[in-house]
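# A look at the structure
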Amino acid sequence: MNPEAADLLRCGAQELGIDVEPALDRFAALLALLQEGNARFNLTALKTEPDIVLKHFVDSLTCFGGGHLEGAHQVVDLGTGAGFPTLPLAIMRADLMFTPVDSTRKKVEFVRATAEALGLHNVRPLAGRAETLTRQPKHRDRYDRVVVRAVAALPVLAELALPFLRPGGLLVAQKGPISPEELRAGQRAAGELGGRVIEVEAFSLPVLGDARTLVVMEKLRDTPSKYPRREGVPNQQPLFWSAK
Ligand SMILES: C[S@@+](CC[C@H](N)C(=O)[O-])C[C@H]1O[C@@H](n2cnc3c(N)ncnc32)[C@H](O)[C@@H]1O
């Protein structure tokens, strides 16, 4: 990692109240592995060191906002892609056990190999679609937390994520700006799926100032067995929302 990128990571994380100094070597190794992965196949759209550091690493660390990940939780990362937010969060918190999930096997293999190379023992990637995995008893109503970044609209996230959670568990969704319509649909979908929205926090991404929103849903009771609907339907026909 070049010195400018290292400074951006330090400053960005500091704005979030996080000291990355002890983890800089691991972040540098992650950066190198991502760039190597990008050279082999198109892993992420972000290619430059400042972009990767701010828009992947620091952006992922904003999931710690609000303290919803405090404690030794079992955490699903729904639609992890190249490992975000899992990998930065797992680097900073060995007490959190992550299950990054993605439907694209090649991405899951990248996350598995990268976690191994970084010596992260708290990352156990899983290939598959959320709609199918949450039909398996070992993944339904089981996890303490679901984190998600850049995957789908709120009502879709509610349908894909809440079935993973035990009652009392939380979905922490890191998103860009959300419209009142999307929020309303997310609230209604959460209710239908056995949960409720407990927090909506607008904030700015450190250094760059891009608008972000952290939406937290709590699961109150078991999700009705008809959810999630079959593969692809949650995204094609989001609950309570026609304006995709
Ligand atoms: C835009 S990428 C975001 C990746 C990562 N979370 C990030 O912030 O960089 C969305 C990812 O979600 C995965 N995905 C979408 N729907 C899914 C589903 N129903 N089950 C599992 N993975 C899904 C896709 O394969 C893709 O890798």
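The shown structure was predicted, so the numbers you read here are calculated from the model rather than taken from an experiment.

### As for the environment of Gly176
- Assignment of secondary structure puts Gly176 in the loop between β5 (165-175) and α8 (180-192).
- The class for Gly176 is partly exposed, based on a relative accessible area of 27%.
- On a C-alpha basis, the gap between Gly176 and Leu205 in space is 9.8 Å, while along the polypeptide they are 29 residues apart.
- If we skip the residues at most four places from it in the chain, Gly176 touches Ala211, Arg212 and Thr213.

### Things to note about helix α2 (residues 24-40)
- Here α2 spans 25 Å end to end across 17 residues, near enough to the 24 Å set by a 1.5 Å rise per residue.
- By the burial criterion, the buried members of α2 are Leu24, Phe27, Leu30, Leu31, Leu34, Gly37 and Asn38. With its buried residues spanning 145° around the axis, α2 presents them on a single face. Away from its buried face by more than 90 degrees, α2 exposes Asp25, Ala39 and Arg40.
- Looking at the packing, one finds that the buried side of α2 touches α1 (3-15), α3 (49-61), α4 (86-92) and α5 (105-117).

### Notes on α3
- A rise of 1.5 Å per residue sets the reference length of α3, with its 13 residues, at 18 Å; its end C-alpha atoms lie 17 Å apart and thus fit the reference within 8%.
- In terms of burial, α3 is a largely internal element, 10 of the 13 residues being buried.
- Along α3, the residues that are buried comprise Glu49, Ile52, Val53, Leu54, His56, Phe57, Val58, Asp59, Ser60 and Leu61.
- Buried residues along α3 sit in contact with α1, α2, α4, β4 (143-149), β5 and β7 (211-219).

### Let's talk about the UniProt feature "binding site: S-adenosyl-L-methionine" (unreviewed entry) in the chain
- UniProt annotation of "binding site: S-adenosyl-L-methionine" (unreviewed entry) refers to Gly79, Phe84, Asp102, Ser103, Thr104, Ala130, Glu131 and Arg149 when read in the numbering used here.
- The contact partners of Ala130, leaving out residues within four places of it in the chain, are Leu78, Leu160 and Phe164.
- Inspection of the secondary structure puts Arg149 in strand β4.
- According to the relative accessible area criterion, Arg149 is buried, its value standing at 10%.
- Once you skip the residues sitting within four places of it in the chain, Arg149 turns out to touch Lys55, His56, Asp59, Ser60, Gly79, Phe84, Pro85 and Gln174.
- In this structure the side chain of Arg149 is engaged in a polar contact, spanning 2.8 Å, whose partner is the side chain of His56.

Rules behind the numbers
Residues numbered from 1 in each chain as written. Predicted model: local features only at pLDDT ≥ 70, side-chain atom pairs only at ≥ 80, totals over all residues. Heavy atoms only, no water. Helix = DSSP H or I, 4+ residues; strand = E, 2+ residues; numbered from the N terminus. Buried < 20%, exposed > 50% of the residue type's maximum accessible area, 1.4 Å probe, protein only. Contact = heavy atoms within 4.5 Å. Expected span 1.5 Å × (residues − 1). Arc of directions from axis to C-beta. UniProt positions renumbered as here; feature names shortened; annotations may be inferred. Polar contact = N/O pair within 3.5 Å; in protein donor to acceptor, adjacent residues only side chain to side chain.

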